[in-house]
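Each chain, written out:
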Amino acid sequence: FVLARDIPIQRVTLFCFGVPLLIVGATAAADFSAYKGKHYCRLEAPAYYGALIAPIMLVLAINAILLVKSLHTMHNRIKLQLNMAQTGTKVKGIVGLTFLLGLTWLLAIPMMDEAKLYFQYVFAILNTLQGV
């Protein structure tokens, strides 16, 4: 999925800053006391689930839909080109990128439990490995 080049950068910037602003604003308006912490500002449950986990799940669902659509398109092209080795390599790459770029965010869900320090370390390590 590539953005069309005729979309003005101002619209893209407004969307990229506006959506998080709406989420934070709605969460703060609903329960400002959910933003607390001794040394830093962080969300406490249940606002954590609505303001962080829900958008993560939405993005992962959209990524899954796009992945299935891409794999379906590749499957249809296999019938036309019959180049199985090249297609298999592309499928492995797509699935690998899905796990690398998206599924690490699933580790944000258990960060509210007793083992949150463990999940924070694993989350940070896996997300920093994305740039390698």
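Residues numbered from 1 in each chain as written. Predicted model: local features only at pLDDT ≥ 70, side-chain atom pairs only at ≥ 80, totals over all residues. Heavy atoms only, no water.

Caption draft 1: Representation of the overall build of the chain in the model. Within the chain, the regular secondary structure consists of 4 helices and 2 strands. Ordered by position from N to C terminus, the α and β elements of the chain give α-β-β-α-α-α. Taking all 132 residues of the chain together, the buried fraction comes to 17%. Long-range contacts, defined here as pairs at least 24 residues apart, represent 43% of the contacts in the chain between residues at least 6 apart. Surface summary for the chain: the accessible area is close to 10300 Å², and the carbon and sulfur share equals 71%. (Helix = DSSP H or I, 4+ residues; strand = E, 2+ residues; numbered from the N terminus. Buried < 20%, exposed > 50% of the residue type's maximum accessible area, 1.4 Å probe, protein only. Contact = heavy atoms within 4.5 Å. Areas by Shrake-Rupley, 256 points an atom, 1.4 Å probe, with all protein chains shown as cover.)

Caption draft 2: Up close: the environment of Met 74. Here Met 74 is to be found in helix 2 (residues 47–81). Residues Met 74 and Val 91, 17 residues apart in the sequence, show an inter-C-alpha distance of 8.2 Å.

Caption draft 3: Quick look at the nonpolar core. Counting residues in hydrophobic clusters, the biggest one holds 12 residues: Ala 34, Leu 43, Ala 47, Tyr 48, Ala 51, Ile 53, Ile 56, Leu 60, Leu 107, Ala 108, Met 111 and Phe 123. Excluding residues within four positions of it along the chain, Phe 123 makes contact with Thr 104, Trp 105, Leu 107, Ala 108 and Met 111. (Core = buried A, V, L, I, M, F, W, Y, C linked by side-chain atoms within 4.5 Å.)

Caption draft 4: Here's a closer look at the environment of Pro 20. Of note, Pro 20 is situated in helix 1 (residues 9–30). Spatially, the C-alpha atoms of Pro 20 and Pro 55 are 9.4 Å apart, while their sequence positions differ by 35 residues.

Caption draft 5: Main features of a nonpolar patch on the surface. Nonpolar side chains collect at one region of the surface, where Leu 117, Tyr 121, Ile 125, Leu 126 and Leu 129 lie side by side and expose about 490 Å² of accessible area between them. Leu 126 gets classed as partly exposed once you look at its relative accessible area, which sits at 33%. (Patch = residues over 30% accessible without salt bridge, like charges linked within 9 Å, V, L, I, M, F, W, Y side chains within 5 Å. Salt bridge = Lys/Arg side-chain N within 4 Å of Asp/Glu carboxyl O.)

Caption draft 6: Representation of the layout of surface pockets within the structure. Here the largest pocket defines a volume of roughly 930 Å³. As for the largest pocket, its lining consists of 28 residues, and the residues nearest its centre are Leu 58, Val 59, Leu 60, Ile 62 and Asn 63. Looking at the lining of the largest pocket, the element that brings in the most residues is helix 2, giving 15 residues. Looking at side-chain class alone, the lining of the largest pocket contains 23 nonpolar, 4 polar and 1 charged residues. (1 Å grid on protein atoms, 1.4 Å probe; cavity = no way out; pocket = protein on both sides within 12 Å on 5 of 7 lines; lining within 4 Å. Points joined across faces, edges and corners; volume = space filled by probe spheres on them. Nonpolar A, V, L, I, M, F, W, Y, C, P; charged D, E, K, R; others polar.)

Caption draft 7: Structural context of the confidence of the model for the chain. The predicted model of the chain has a mean per-residue pLDDT of 76, with 80% of residues at 70 or higher. Per-element confidence in the chain ranges from a low mean pLDDT of 71 for helix 3 (residues 84–101) to a high of 87 for helix 1. (pLDDT = per-residue confidence, 0-100.)

Caption draft 8: Structural view of the side chain of Thr 27. Positionally, Thr 27 belongs in helix 1. Given the relative accessible area of 12%, Thr 27 is considered buried. If we ignore the near neighbours within four places in the chain, the residues touching Thr 27 are Phe 32, Tyr 35, Leu 43, Ala 47 and Ala 51.

Caption draft 9: Quick peek at the packing of aromatic side chains. Summed over all chains, the structure comprises 1 aromatic pair. Each ring, one from Tyr 118 and one from Phe 119, has its centre 5.4 Å from the other, and the planes form 75 degrees; the classification is edge-to-face. With a relative accessible area of 56%, Tyr 118 lands in the exposed category. (Phe/Tyr/Trp six-rings, centres within 6.5 Å; stacked < 30°, edge-to-face > 60°.)

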